[in-house]
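Here is how the chains run, residue by residue.
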Amino acid sequence: MVKKIEAAEFVQISRELPVLDVRSPGEFKQGHVPGAISFPLFDDTERAEVGTLYKQVGQVQAVERGLEIVGGKMRGMFAEGLAHAKNGKLMVHCWRGGKRSESVANLLAVAGLEVYLLNGGYKSYRRWVLEQFLPKQNFLVIGGLTGTGKTRILHHLGMMGQAILDIEGHAAHRGSAFGRLGQTVYVSPQQFENGMANDLAVLNGRSIWIEDESRVLGSLILPQAFWDQKQAAPVFYVEIPDEDRVRMLLEDYGSVDHAGVAASIAKITENLGGLRARQALDALEANDGEALTRMLLAYYDKLYRNSLSVKSQENVHHLKFERFDLGEISQALMEKATELGYALGPTLTHI
């Protein structure tokens, strides 16, 4: 049986069942439903060939060529599709919910599988994604200078049962000129949005802890609606000793190759200044990680304080600690949020 469903229901069910994305590998790489399995009916070259035929010759010729291409693949796809099924069920989609997904869905239904087909395909899913950034969110923003351990705090809050959205995790980027160092995963702009939208849908109605990020993370940009809400949300500004900041940055970046660090310094040379950039490169060459880190902190501290100054100071809540202690900091953040009227229980709504 093949059942067509809309994007919202498709996303909800996709958290339990396998999703077969029958678009080409290139389309899949640009963006896909989180957790989906690439199950291409055509490879990139074949898709381009059929598409060109459709535009230049006509639909009949394009369909004929498509059938020639997939004819020899169907047996393998049939067996592989059955192997992916869970409890006799799975999900299928293509770009617009047309011939590609329907042909695969009907093929697998012949075997007795219950197949959910995304009405409107990935295109309708993308509309759903962008809609997730529009509703009012209760963001609680963890702020602090570079090296304050904001990501560690965020993850610890998650371990304590708090609702969190890890922007840097979805971006595979730490948010500065050095943000790609040590990262091996490529995240496309679409996939960045897809991942965050999935989290927002799951956490709907809850108070969500996020980090105080800039809008641009490498080549990725936070959606305008998300950014506007983050900028208006309360900031919990965490202050810890500089010694702890330097230590944690060396733990995070100390094993990164020199070439990558040098390339990152080059990106900010104009703003850093020629002399300081040269001093930073000299410290790198001398393997003096602490000196290098302190130079860069002076630069990034100024940037962050400037960005914080444009926020309403009534919305910035300072919490100063004598040492970096995840348990102590996380507990203090939750207590401050509760004091401000944010309920951090199961419903997690603002009072």
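Each chain has its residues counted from 1, following the order in which its sequence is written. Restriction of local features to residues with pLDDT of at least 70 applies here, the model being predicted, together with a cutoff of 80 or more for giving and counting side-chain atom pairs; totals for whole chains, interfaces and linings are based on all residues. Excluding hydrogens and water, the side-chain values take into account all heavy atoms of the structure.

A. Quick look at the overall build of the protein chain. Starting at the N terminus, helices and strands are each numbered in turn, a helix being any DSSP run of H or I of at least four residues and a strand any DSSP run of E of at least two. The number of helices and strands found in the protein chain is 17 helices and twelve strands. The principal-axis extent of the C-alpha atoms belonging to the protein chain is close to 70 × 50 × 35 Å. Burial here depends on accessible area, computed with a 1.4 Å probe over protein chains only, as a share of the maximum for the residue type. Under 20% is buried, over 50% is exposed, and the range in between is partly exposed. Counting over 351 residues, the protein chain shows a buried share of 47%. What makes two residues a contact is simply this: any of their non-hydrogen atoms within 4.5 Å. Partitioning the intrachain contacts of the protein chain with sequence separation of at least 6 by distance along the chain shows that 74% fall at a separation of at least 24. Mean positive and mean negative side-chain charge positions of the protein chain (38 and 42 charges, respectively) differ by 5 Å. None of His or the chain ends enter the tally, which takes Lys and Arg as positive and Asp and Glu as negative. By convention, the point assigned to a charge is CZ for Arg, NZ for Lys, CD for Glu and CG for Asp.

B. Spatial organisation of the sheet that holds strand S12 (residues 316-320). Read from one edge to the other, the open sheet built from five strands follows the order S7-S8-S6-S11-S12, with strand pairing classed as parallel. If you trace the sheet from one side to the other, it starts and ends with strand S7 (163-164) and S12, each paired once. Two strands pair under a simple rule: DSSP has to find at least two bridges between them. When strand S6 (residues 138-143) meets strand S11 (residues 235-239), the two strands line up parallel, connected through three bridges. Among the inter-strand pairings, Ile 142 is bridged to a residue of S11, identified as Phe 236.

C. Looking closely at the environment of Arg 276. Tracing the backbone shows Arg 276 in helix H15 (residues 274-285). The spacing of Arg 276 and Asn 119 is 157 residues in sequence and 56 Å in space, taken between C-alpha atoms. In contact with Arg 276, not counting residues within four places along its chain, are Met 295, Ala 298 and Tyr 299.

D. Structural detail: the confidence of the model for the protein chain. Per-residue confidence for the protein chain gives a mean pLDDT of 89; residues scoring 70 or more make up 95%. Within a predicted model, pLDDT stands for the predictor's per-residue confidence, ranging from 0 to 100. For the stretch residues 346-351, pLDDT sits under 50, and the model shows 21 contacts to residues farther than four places along the chain or on other chains.

E. Looking closely at the layout of surface pockets. Estimated volume of the second largest pocket: approximately 840 Å³. Grid spacing is 1 Å over the protein atoms alone, the probe is 1.4 Å, and a cavity is where that probe fits but cannot get out, while a pocket is an open set with protein on both sides within 12 Å along at least five of seven lines and lining residues have an atom within 4 Å of a point. What lines the second largest pocket is a set of 24 residues, and nearest its centre among them are Phe 42, Val 50, Tyr 54, Lys 99 and Arg 100. Elements with a contribution of two residues or more to the lining of the second largest pocket: helix H3 (44-56), helix H4 (59-71) and helix H6 (99-109). Here the lining of the second largest pocket is built from residues that sort into twelve nonpolar, six polar and six charged. Grid points are joined across faces, edges and corners, and a volume is the space filled by probe spheres set on the points. Residues are grouped as follows: Ala, Val, Leu, Ile, Met, Phe, Trp, Tyr, Cys and Pro are nonpolar; Asp, Glu, Lys and Arg are charged; all remaining types, including Gly, are polar.

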